[in-house]
Amino acid sequence: MRILMLAAENDCISGAKVGGVADVIRDVPKALAEHNINVDVVIPDYGYYHSHYNGECVAEVSFSFAHQQHTAYLYKLHAISSDKVTQYVVVHPLFQQAGESRVYCHDEDKRPFAKDATKFALFCNVIAECILQGHLAADIFHLHDWHAATLAVLLKFDTRYRDFANTKLVYTVHNLALQGTRPFNGDDSSLEAWFPSLSYDGQQLCDPRYPFCYNPMRAAISLVDKVHFVSDSYAEEVLCASDHQNGIYGGEGLEQVLADNSDKIVGILNGCEYSNEPEPKVTLDCFLRSSKTCLRNWMSRFEQLKTVHYLANEQISLWQDSPQFKGPIVSSIGRLTEQKVRLLLERADGEVALSTMLNHLSEKGGRFIMLGSGDSHYEFLLMQLMAKHSNFLFLNGYGQSLSDDLYLLGDLFLMPSSFEPCGISQMLALKAGQPCIVHGVGGLKDTVKHRENGFVFEGNTISEQVHSLQSVFNEALNCYMNNTAKWQTLVHTAKASRFSWQSSIEQYLTKLYNH
């Protein structure tokens, strides 16, 4: 069997990762190869990867897109391919606009996804041509998130590809909140602008909330053979309507489409890689010195000093001058988005939730280290909290080695996501022996068990969720400080928790690929 995987990200390639989908595209093909499955993986070339990874041009493809003739190139990356897994990139100027090497663009609010939607539509067009011309062939086409969804539309509706219309299509939804919606027409980033001669069924492609718009994610759900969500619980949650005001994140407008296609839906938890090698020891002093090095690098990227970096550097110096403390190190790593930090920054009883939690942590002699970047509004609020609380260090950036060390350093990992399709951070924290505090949703619910390997909070409204979070946080602190035996059991159980890719891949073969 041969699988063709299309995605926007791939962590096998340096610079081609933004979120967890990149980890999946890195790990799943290797795990499938152990079952004697051949996998071809293709992403766009955002950063001249073909020259960095000993690329060989295996196809030159000419095609029509948006009323113009284009040429793209398919490169095989020999340096990171293996006997069973072949890594490809598609080279075209649209993927490296203005000399930039970014995976995603940041479009203005009135034209969301405009640039990205165009470049990923072109990417899907190139793949369709490669399939038609025999440069890529597979028994199953496996598409990931909205970025790859337009391939399903082309295979089903463009008569040029009719010989492939019945090839099995599998679609993985990593995050239902991002759907790539664009107009059907009337914009240079629209379905009819990209493919002016395409005859299509708008009822299968339209956004249920905006019927004059093309929704790639809805299209794929309607057209493919199997729809895969990355945890069992998330696969159930998306069948219910969202109610953001009350902190409920469900089908995001696609709940009825999903209900109508419920026979296709499969929930399979993502996996995590484990090693038998002993974990290195990380001390707070070592971590703080590494943090200062990262801060200097981050500072050097701007002509003017960012206040958040200055305050973090000052906080580190204060901690280095007073290294002794008796409480736990609480850690958190992730993108600063509404999904990840909303509950921490909601007000409860007149105070920001995180501020109250930091006060309780201070009473126990503990400290909190958060690593991440994202929404500038959330970055500003967290910076203000760092200025107010001497036991809070907010590192506004990202570094892989810093992240790895923080997993090993922390005593308690905090991941209060409002929704979480699967989540990898909690798996990495558990692997390092950190009990986790999580919201009982999606993959968090499926991996962290209350008072076994961590603590789980719940609630049917924002207020209930925030109060439950604070209550569980206090419970965890009290357990750490006052019940050493119980805490060590939690640590041991966390470290022993296993969510292997091999277990997940067995379900891929039986439930998705029917192999």
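It should be emphasised that the depicted structure is a prediction, and the values quoted were computed from it without experimental measurement.

### Describing helix H18 (residues 462–482)
In this model H18 runs 30 Å from its N-terminal to its C-terminal C-alpha over 21 residues, within 8% of the 30 Å that 1.5 Å per residue would give. Along H18, the positions that sit buried rather than exposed are Ile462, Gln465, Val466, Ser468, Leu469, Gln470, Val472, Phe473, Ala476, Leu477 and Cys479.

### A look at the environment of Val42
Counting through the fold element by element, Val42 comes out in strand S2 (residues 38–44). Measuring from C-alpha to C-alpha, the distance between Val42 and Glu237 comes to 30 Å, with 195 residues separating the pair along the chain.

### Observations regarding the pairing of strand S6 (residues 140–144)
Counting buried positions along S6 yields five of five residues, so the element is predominantly enclosed. Burial of S6 is two-sided: the residues Ile140, His142 and His144 facing one way and the residues Phe141 and Leu143 facing the other way are all buried. In this structure, strand S1 (residues 2–6) lies alongside S6, joined through four bridges in parallel fashion. From the neighbouring strand, Leu4 faces S6, where its bridge partner is Phe141. In this structure, S6 lies alongside strand S7 (residues 168–173), joined through five bridges in parallel fashion. Its bridge partner lying in S7, Phe141 is registered against Leu169. Note on the crossover from S6 through helix H4 (residues 150–157) to S7: the handedness is right-handed.

### Some details on the sheet that holds strand S10 (residues 226–229)
Reading across from one edge, S3-S4-S5-S2-S1-S6-S7-S10-S11 is the order of the nine strands in this open sheet, with mixed pairing throughout. The open sheet has two free edges, formed respectively by strand S3 (55–65) and strand S11 (265–267), since each of these has just one partner strand. Between one strand axis and the next, the sheet turns by 25° as a mean value, whatever way the strands run. Against the sheet, helix H3 (residues 114–132) makes contact with S1, S2, S3, strand S4 (68–77), strand S5 (85–91) and S6, and its axis sits at roughly 110° relative to S3, the strand it touches most. Set on the sheet, helix H20 (residues 501–512) makes contact with S6, S7, S10 and S11; between it and S10 the angle comes to about 155°.

### Topic: the pattern of salt bridges
Applying the stated criterion across every chain yields a total of 19 salt bridges. Among the salt bridges present, the one from Asp187 reaches Arg182, with a minimum N-O distance of 3.4 Å. The exposure class assigned to Asp187 is partly exposed, which follows from its relative accessible area of 22%. For Lys388, the salt bridge identified is with Glu351, shortest N-O distance 3.5 Å. Remark: Glu351 occurs in strand S14 (residues 351–352) and Lys388 occurs in helix H14 (residues 376–388); sequence separation between them is 37 residues. Residue Lys388 is classed as exposed on the basis of its relative accessible area of 51%. A single network of salt bridges, built from pairs that share partners, joins Asp11, Lys17, Asp23, Arg26, Asp27, Lys30 and Glu273.

### Points about unusual backbone geometry
For His67, which is not a glycine, the phi torsion comes out positive at approximately 70°. Tracing the sequence through the fold places His67 in the loop between S3 and S4. In this structure, Asp145 is a non-glycine residue whose phi angle is positive, near 60°. Mapped onto the elements, Asp145 comes out in the loop between S6 and H4. Owing to a relative accessible area of 7%, Asp145 belongs among the buried residues under this scheme.

Analysis parameters
Position numbers for residues count from 1 along each chain, tracking the sequence in the order it is written. Only residues with pLDDT of 70 or above have their local features reported here, since the model is predicted, and side-chain atom pairs are shown and tallied only from 80 upward, although totals for entire chains, interfaces and linings are computed over all residues. Remark: hydrogens and water are excluded; side-chain values derive from all non-hydrogen atoms of the structure. Only DSSP runs of H or I covering at least 4 residues are called helices, and only runs of E covering at least 2 are called strands; the numbering of each starts at the N terminus. Between the first and last residue of a helix there are one fewer steps than residues, each counted as 1.5 Å, and that sum is the expected span. Burial classes follow relative accessibility: with a 1.4 Å probe on protein chains only, a residue under 20% of its type's maximum area counts as buried, one over 50% as exposed, and anything between as partly exposed. DSSP bridges decide pairing: two strands pair if at least two such bridges lie between them. A right-handed crossover is one whose linking path, passing over the helix from the first strand to the second, runs clockwise when the strands point away from the viewer. In this analysis, axes come from line fits to C-alpha atoms, helices being fitted only over the stretch in contact, and the angle between any two N-to-C directions falls in the range 0 to 180 degrees. We call two residues contacting when some pair of their heavy atoms lies within 4.5 Å. Note on definitions: salt bridges are taken to be side-chain nitrogens of Lys or Arg within 4 Å of carboxyl oxygens of Asp or Glu.

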